[in-house]
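# Topology and contacts: notes
Residue strings, one per chain:
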Amino acid sequence: MGGVELVLPKEYGYVAIVLVFYCFLNLWMGAQVGKARKQFKVPYPTLYASESENKDAKLFNCVQRGHQNSLEMMPMFFMLMILGGMRHPCTCAALGLVYTVSRYFYFKGYATGDPQKRLTLGKYGFLALMGLMVSTLSFGVRLLL
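Residues numbered from 1 in each chain as written. Predicted model: local features only at pLDDT ≥ 70, side-chain atom pairs only at ≥ 80, totals over all residues. Heavy atoms only, no water.

### Description of the overall build of the chain
This is how the line gets drawn: Helix numbering and strand numbering both begin at the N terminus, where a helix is a DSSP run of H or I of at least 4 residues and a strand a DSSP run of E of at least 2. For the radius of gyration, the atoms used are the C-alpha atoms, and the globule rule reads 2.2 Å times the number of residues raised to 0.38. For the exposure calls, accessible area comes from a 1.4 Å probe over protein chains only, and a residue counts as buried if that area is under 20% of its type's maximum, exposed if over 50%, partly exposed in between. What sets the accessible areas is the Shrake-Rupley method with a 1.4 Å probe; for residues, cover comes only from the shown protein chains. By the counting scheme adopted, Arg and Lys are positive, Glu and Asp are negative, and His together with the chain ends is not counted. Note on charges: their place is set at NZ of Lys, CZ of Arg, CG of Asp or CD of Glu.
When helices and strands are counted, the chain shows four helices and zero strands. What you see for the chain is a C-alpha radius of gyration of 18 Å, clearly larger than the 15 Å of a compact globule of 145 residues, by over 25%. Projected onto its principal axes, the C-alpha positions of the chain cover 60 × 40 × 20 Å. The burial tally for the chain puts 39% of its 145 residues in the buried class. Of the roughly 8800 Å² that the chain leaves accessible, carbon and sulfur atoms contribute 67%. Side chains of the chain carry 15 positive and 7 negative charges; the gap between the two charge centres is 5 Å.

Put into structure tokens, the structure is as follows:
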């Protein structure tokens, strides 16, 4: 029975390492939400606090939203890193690192309670995603040629 052999460039290891860095960031953000639950008295399974019931609802909701948005973006980020990195491992690893660092600042800015602060440095993550999209398109086109 024949199989398909997948040969990855040696530098693909950088892609794997950046993805693990993002996993650690995600765990840290989840811990910050847990701390905010205790601090602002928002019990499980409540996803978002109600402003009519909790004077600190906006602060908690901003912490929660910073993490939630990162979770929403994670599948796209991982897919682009995994696929684009097969053809452009160093480029994707560098863009992935920019994305990961920008996500930290996105979260920290959001957690201040002023949602606009999420974009101060967090906005650069969207540029990194665009670069990852181009890298993944390049990979797809190359497969078809």
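Read on for the rest.
### Here we look at the pattern of salt bridges
Heads up, the condition is: Salt-bridge detection follows one rule: a side-chain nitrogen of Lys or Arg within 4 Å of a carboxyl oxygen of Asp or Glu.
According to the stated counting rule, one finds two salt bridges in the structure shown. Between Asp56 and Lys55 there is a salt bridge whose closest N-O contact spans 3.3 Å. Of the residues examined, Asp56 reaches a relative accessible area of 21% and is grouped as partly exposed. The shortest N-O distance in the salt bridge between Glu72 and Arg65 comes to 3.0 Å.

### With respect to the nonpolar core
This is how it is decided: Residues belong to one nonpolar core when they are buried, are Ala, Val, Leu, Ile, Met, Phe, Trp, Tyr or Cys, and are joined through side-chain atoms within 4.5 Å.
Core analysis: the biggest nonpolar cluster contains 27 residues, and Phe60, Phe77, Met81, Tyr99, Leu129 and Leu132 have the highest contact counts within it. Taken together, the elements giving at least two residues each to this core come down to helix H1 (12-40), helix H2 (57-87), helix H3 (89-110) and helix H4 (124-144). When residues in this core are grouped by element, the largest group, 10 residues, is from H1.

### Observations regarding the side chain of Asn54
Quick reminder of the rule: Whenever two N or O atoms come within 3.5 Å, that pair is a polar contact, provided that in protein one can donate a hydrogen and the other can accept it, and provided that, for residues adjacent in sequence, both atoms are side-chain atoms.
The residue Asn54 is located in the loop between H1 and H2 in this model. In this structure Asn54 comes out as buried when scored by relative accessible area, which is 13%. There is a polar contact of 2.7 Å between the side chain of Asn54 and the backbone oxygen of Phe40.

### Here we look at the packing of H1 against H3
Applicable threshold: For helices, the fitted line uses only the C-alpha atoms of the stretch in contact; every axis is such a line through C-alpha atoms, and the angle between N-to-C directions lies from 0 to 180 degrees. An angle counts as roughly parallel when it lies under 35 degrees, as roughly antiparallel when it exceeds 145, as roughly perpendicular when it falls between 65 and 115, and as oblique in every other case. In this analysis, two residues are considered to be in contact whenever any of their non-hydrogen atoms come within 4.5 Å of each other. Put simply, Ala, Val, Leu, Ile, Met, Phe, Trp, Tyr, Cys and Pro go in the nonpolar bin, Asp, Glu, Lys and Arg in the charged bin, and everything else, Gly too, in the polar bin.
At a minimum axis separation of 8 Å, H1 and H3 run at an interaxial angle of 10°. With respect to H3, the axis of H1 lies roughly parallel. Two secondary-structure elements touch here, H1 through Tyr12, Tyr14, Val15, Val18, Phe21, Tyr22, Leu25, Trp28, Met29 and Gln32 and H3 through Pro89, Cys90, Ala93, Gly96, Leu97, Tyr99, Thr100, Arg103, Tyr104, Phe107 and Lys108. In terms of residue class, the contact of H1 with H3 is made up of 16 nonpolar, three polar and two charged.

### With respect to H4
As a reminder of what qualifies: In a helix, the anticipated span is given by 1.5 Å times the number of residues less one. As used here, the arc belongs to the directions running from the helix axis to the C-beta atoms.
With 21 residues, H4 ought to run about 30 Å at 1.5 Å a step, and its terminal C-alpha atoms sit 31 Å apart, in line with that. Three or more residues of H4 are buried, namely Gly125, Ala128, Leu129, Gly131, Leu132, Ser135, Thr136 and Phe139. All buried residues of H4 project into a common sector of 160° when viewed along the axis, lining one side. Away from its buried face by more than 90 degrees, H4 exposes Leu127, Val134, Leu137 and Leu144. Residues of H4 that are buried make contact with H2 and H3.

### Brief notes about the packing of aromatic side chains
For the record, the criterion: Aromatic pairing here means that ring centres of Phe, Tyr or Trp (its six-membered ring) are within 6.5 Å. Orientation follows from the plane angle: under 30 degrees is stacked, over 60 is edge-to-face, and everything else is tilted. A positively charged side chain is recorded as over a ring if its NZ (Lys) or CZ (Arg) lies within 6 Å of the ring centre. The angle to the ring normal must also be within 35 degrees.
Here the structure, examined in full by the defined rule, presents nine aromatic pairs. With centroids separated by 5.1 Å and ring planes inclined at 80°, the aromatic side chains of Tyr104 and Phe105 adopt a geometry described as edge-to-face. Taking the relative accessible area as the measure of exposure, Tyr104 reaches 33% and is therefore partly exposed. Residue class for Phe105 comes out partly exposed when judged on its relative accessible area of 35%. Ring geometry for Tyr106 against Tyr110: centres 5.8 Å apart, planes inclined by 75°, an arrangement best described as edge-to-face. Taken together, the residues span about one helical turn, with Tyr106 and Tyr110 both in helix H3 at a distance of four residues. Above the plane of the ring of Tyr106 lies Arg103, whose end atom (NZ or CZ) is 4.2 Å from the centre.

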